[in-house]
Amino acid sequence: MKAQRAVWGDTLTELAETDDRIVVVDGDLATSTMAVTFANAHPERFVQAGIAEQNMVGIAFGMSTLGYRPWLSSFGVFLTNRALDQVRMLVSQTKAPVRLAAAYTGLLNGASGKTHQDIEDLSVMRALPNMTVLAPADETEAEAMIRWAADHDGPVYLRLARDAVADVFDSGYEFRLGAPVLLRAGGDAPEVTVVSTGVQTSRTVDAITTIESGGRSVRHVHLPTIKPLDEDALWQHLAGATDVVTVEEHSVVGGLGDVVAAVLAGRASGARLTKVGLADAWAESGPNDFLLEKYGLSVDRVADRIRDVLGERVAA
Amino acid sequence: MTRNDARDVEHLETVAREGRWRVLETVATSKAGHIGGPMSAMDLMVALYFHQLRIDPSTPQDPDRDRFILSKGHSAIGLYSVLALRGYFPVEELATFDHGDSRLQGHPDMKLTPGVDSSTGSLGQGLSAGSGMAIAAKMQGKDFHTWVVLGDGEIEEGMVWETVIHAPRYGLDNLTAIIDLNGLQQYGWPAGEHDRYDRSEPMGHVNLPAVFRGFGWNVIEINGHDYDEILDAYAEVDAARGTTGKPTAIIAHTVKGNGVSFTRATFKWHNGVPTDEQLDTARAELLIDQKTEALA
């Protein structure tokens, strides 16, 4: 169990030992994003842009035209909102190999509150042509994605969580772009199929464990690649489902839920879809446990929502 | 890669007249495009492409070439005209500007057009992109220079000033910003007296040389239509490359729509399509029928 941002700093530092294309452009947040690890090990390949995210993106783009594969170090909100025009124009349009290491994504950002809660990033980033959008479940998958990205010839948005979550994968895990990962089959005809992404998958694993112990059959699919999607592979897990639940630490607008909705609608599935995520509203500051409980993403609250779908929730 | 060290102002002026003609002719053909901005920046770009830049149109991706970014991307047809005359693609291709399936998009696209070093279009981004190229050049020990043309309306964009603050900190004496100070923008400011509004001088209230110097830039102020002044400024920048630790801002006083009587110094030709009669006037004023020498 290790925080994904720390995994990023460590893995990139190691990769840069043998890959001289790797540089980091930071927006004065290196001690938060853990780019500081890279800066200490490779100071000659660390560019400080200061608190100026738009220029940070422009610098990274310019460097990419000379063969570098720059990683941007900032909070998700600043990359996907403050610098969106620059990402759209210079990175997405030109297919520049710039990597957006979005730290502090989702609801849990160390009590910084709603201004820093990056809960619409998947929606915004997946709308950009050429952008690969990744949301790792845990430290192992984050590391696998960072290694995968090293040789990817285009832009990547990597959604990293601030705080560690319980491990989902063991060290043998291999990341495959676009492919869904079946975590639990739930038999041939599960009563409900749950699709989750990012670190919310870790909490969803625990939620489903409590439900299955009650004798219900649940399928659980983790979708680490929001874009590009291997739709046929995802459909293999959804075909025949009567109830599908999506779970994400993201707004219910435009994220995983809508990715899955489009697949179900496109295949004329008759399944009912329940989207579990953050309501279309602003959240607040607070400790992680408080926020997860209040905004419906704790293990217990997710289990409740799935039980609702199964029609067996007992009133508290 | 070569640069043309001989100073032949008469030739540059001939090329610039041809460039301005191609702008008007192309916009008339395409029935869309900007005119005032391309014509105010024309002499600055001709002096770069036909004198200053170390480039070879036959190898537009040479890693050691000087870079040029037209940050005010809506003046694309000005850049395309210069690139075509310089030999990056056939002059006849200008007729496809803004048409479907053309390599010559409404704003510069580095993936489509030979010789375009950065896509631009959303204003304010080019200097930042250029600073990234300049930083990377220093990291790789390359001695090419990166030149960026910005409009005076464009530098109202906040992002420009992020780069202005940042570039001196990285000692980017291999980066030059050329401000095309033509004094007019599309709509302008509600000021009262003139016409509906006073469209003049986006930066009229700003002491630009003092501002750039204050941020740690080297500043040169020139008449952006006087080739001796332009070439002197470029030579000064080139000579100082790698020695001053400071980026340079060339503040070029220009006239929007310069070179043709009816487009000169009026916001009305920010964009617009000339009539046949106007084209005849421009053709005569630009001495197009008298040109005899090879241009490139």
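Residues numbered from 1 in each chain as written. Chains lettered and ligands numbered in written order. Predicted model: local features only at pLDDT ≥ 70, side-chain atom pairs only at ≥ 80, totals over all residues.

> Describe the overall build of chain B, and please don't skip the residues or the numbers.
The helix and strand tally for chain B stands at eight helices and seven strands. For chain B, whose C-alpha radius of gyration is 18 Å, the value lies close to the compact-globule estimate of 19 Å for 296 residues. When the backbone C-alpha atoms are referred to their principal axes, chain B occupies close to 50 × 50 × 35 Å. The burial tally for chain B puts 51% of its 296 residues in the buried class. Put simply, of all contacts in chain B between residues at least 6 apart along the chain, 76% involve residues at least 24 apart. (Helix = DSSP H or I, 4+ residues; strand = E, 2+ residues; numbered from the N terminus. Rg over C-alpha atoms; globule rule 2.2 N^0.38 Å. Buried ≥ 20, exposed ≤ 12 C-beta atoms within 10 Å, placed from the backbone. Contact = placed C-beta atoms within 7 Å.)

> Quick rundown of the interface of chain B and chain A? Include the residues and the values.
Listed per partner, the contact involves 20 residues of chain B and 21 residues of chain A. Only α4 (126–140) and α5 (158–169) of chain B provide two or more residues apiece to the side of chain B that touches chain A. It is α4(B) that contributes the most residues to the side of chain B that touches chain A, 10 residues altogether. In the side of chain B that touches chain A, the residues fall into seven nonpolar, 11 polar and two charged. (Nonpolar A, V, L, I, M, F, W, Y, C, P; charged D, E, K, R; others polar.)

> I'd like to hear about helix α11 (residues 256–266) of chain A, residue by residue, with values.
All names here are of chain A. For α11, the full list of buried residues reads L256, G257, V259 and V260. Viewed end-on, α11 has its buried residues packed into an arc of 165°, placing them on one side of the element. Away from its buried face by more than 90 degrees, α11 exposes A262, A265 and G266. Within two residues after α11, A268 carries a phi angle of roughly 55°, on the positive side. (Arc of directions from axis to C-beta.)

> Give a detailed account of helix α8 (residues 139–149) of chain A, specifying residues and quantitative values.
Residues and elements named next belong to chain A. Buried residues dominate α8, accounting for eight of its 11 residues. Three or more residues of α8 are buried, namely E139, E141, A142, E143, A144, M145, I146 and A149. Its buried side turned inward, α8 meets α1 (4–15), β4 (99–103), β5 (132–134) and β6 (156–159).

> Provide a residue-level description of the packing of helix α1 (residues 9–30) of chain B against helix α2 (residues 36–52) of chain B, including the pertinent values.
Residue and element names in this part refer to chain B. Running from N to C, α1 and α2 cross one another at 135°; their axes reach a closest spacing of 9 Å. The angle between α1 and α2 places the two elements in the oblique class. Regarding α1 and α2, the two cross each other, and that crossing is right-handed. Between α1, through L12, V15, A16, G19, R20 and V23, and α2, the contact on the second element is made entirely by P38, M39, M42, D43, V46, A47, F50 and H51. By residue class, the composition of the contact of α1 with α2 is 10 nonpolar, two polar and two charged. (Axes fitted to C-alpha atoms, helices over the stretch in contact; angles between N-to-C directions. Parallel < 35°, antiparallel > 145°, perpendicular 65-115°, else oblique. Left-handed = near helix turned anticlockwise from the far one by under 90°.)

> How would you summarise the packing of α1(B) against helix α8 (residues 276–285) of chain B if you had to cite specific residues and measurements?
When two helices pack together, their arrangement is given by the angle between the helix axes and by the axis-to-axis distance. All names here are of chain B. Taken N-terminus to C-terminus, the directions of α1 and α8 make an angle of 165°; their axes are 10 Å apart at the nearest point. If you check the angle between α1 and α8, you find them roughly antiparallel. Here the hand of the crossing between α1 and α8 comes out left-handed. Facing α1, whose interface residues are W21, L24, E25 and A28, α8 presents L279, A282 and R283. By residue class, the composition of the contact of α1 with α8 is five nonpolar, no polar and two charged.

> Describe the domain arrangement of chain A, naming the residues involved and giving the relevant values.
All names here are of chain A. According to the domain assignment, chain A consists of domain 1 (4–159) and domain 2 (181–310). When each unit is reduced to the centre of its C-alpha atoms, the spacing between domain 1 and domain 2 is 26 Å. The interface of domain 1 with domain 2 comprises 23 residues on the first partner and 29 residues on the second. Mapped by element, the contributors of at least two residues to the side of domain 1 that touches domain 2 are α7 (121–125) and β5. By residue number, the principal contributor to the side of domain 1 that touches domain 2 is β5, which donates three residues. Of the residues contributing to the side of domain 1 that touches domain 2, the split by class is 11 nonpolar, six polar and six charged. (Domains from an automatic or database assignment.)

> Just give me the short version of the sheet that holds strand β11 (residues 243–251) of chain A, but keep the residues and values in it.
Residues and elements named next belong to chain A. Spatial strand order, β7-β9-β8-β11-β12: five strands in an open sheet with mixed pairing. The two strands at the open ends of the sheet, each matched to only one other strand, are β7 (181–184) and β12 (272–278). Taking each pair of neighbouring strands and ignoring which way they run, the sheet shows an average axis angle of 25°. The pairing of strand β8 (residues 192–196) with strand β9 (residues 218–222) spans five bridges and is classified as parallel. Note on β9: the bridge partner recorded for T193 is R219. (Pairing = 2+ DSSP bridges.)

> Run through the sheet that holds strand β3 (residues 175–181) of chain B, naming residues and quoting values.
All names here are of chain B. Spatial strand order, β1-β2-β3-β7-β6: five strands in an open sheet with parallel pairing. The sheet terminates laterally at β1 (67–70) and β6 (218–223), the two strands that pair on one side only. Recorded for the sheet is a direction-independent mean angle of 20° between the axes of neighbouring strands. The pairing of β3 with strand β7 (residues 248–253) spans six bridges and is parallel. Of the residues in β7, the one forming a bridge with A177 is A249. The strands touched by α4 within the sheet are β1, β2 (146–151) and β3, with β2 carrying the most contacts at an inclination of about 170°. Lying on the sheet, helix α7 (residues 227–240) is in contact with β3, β6 and β7; it crosses β6 at an angle near 165°.

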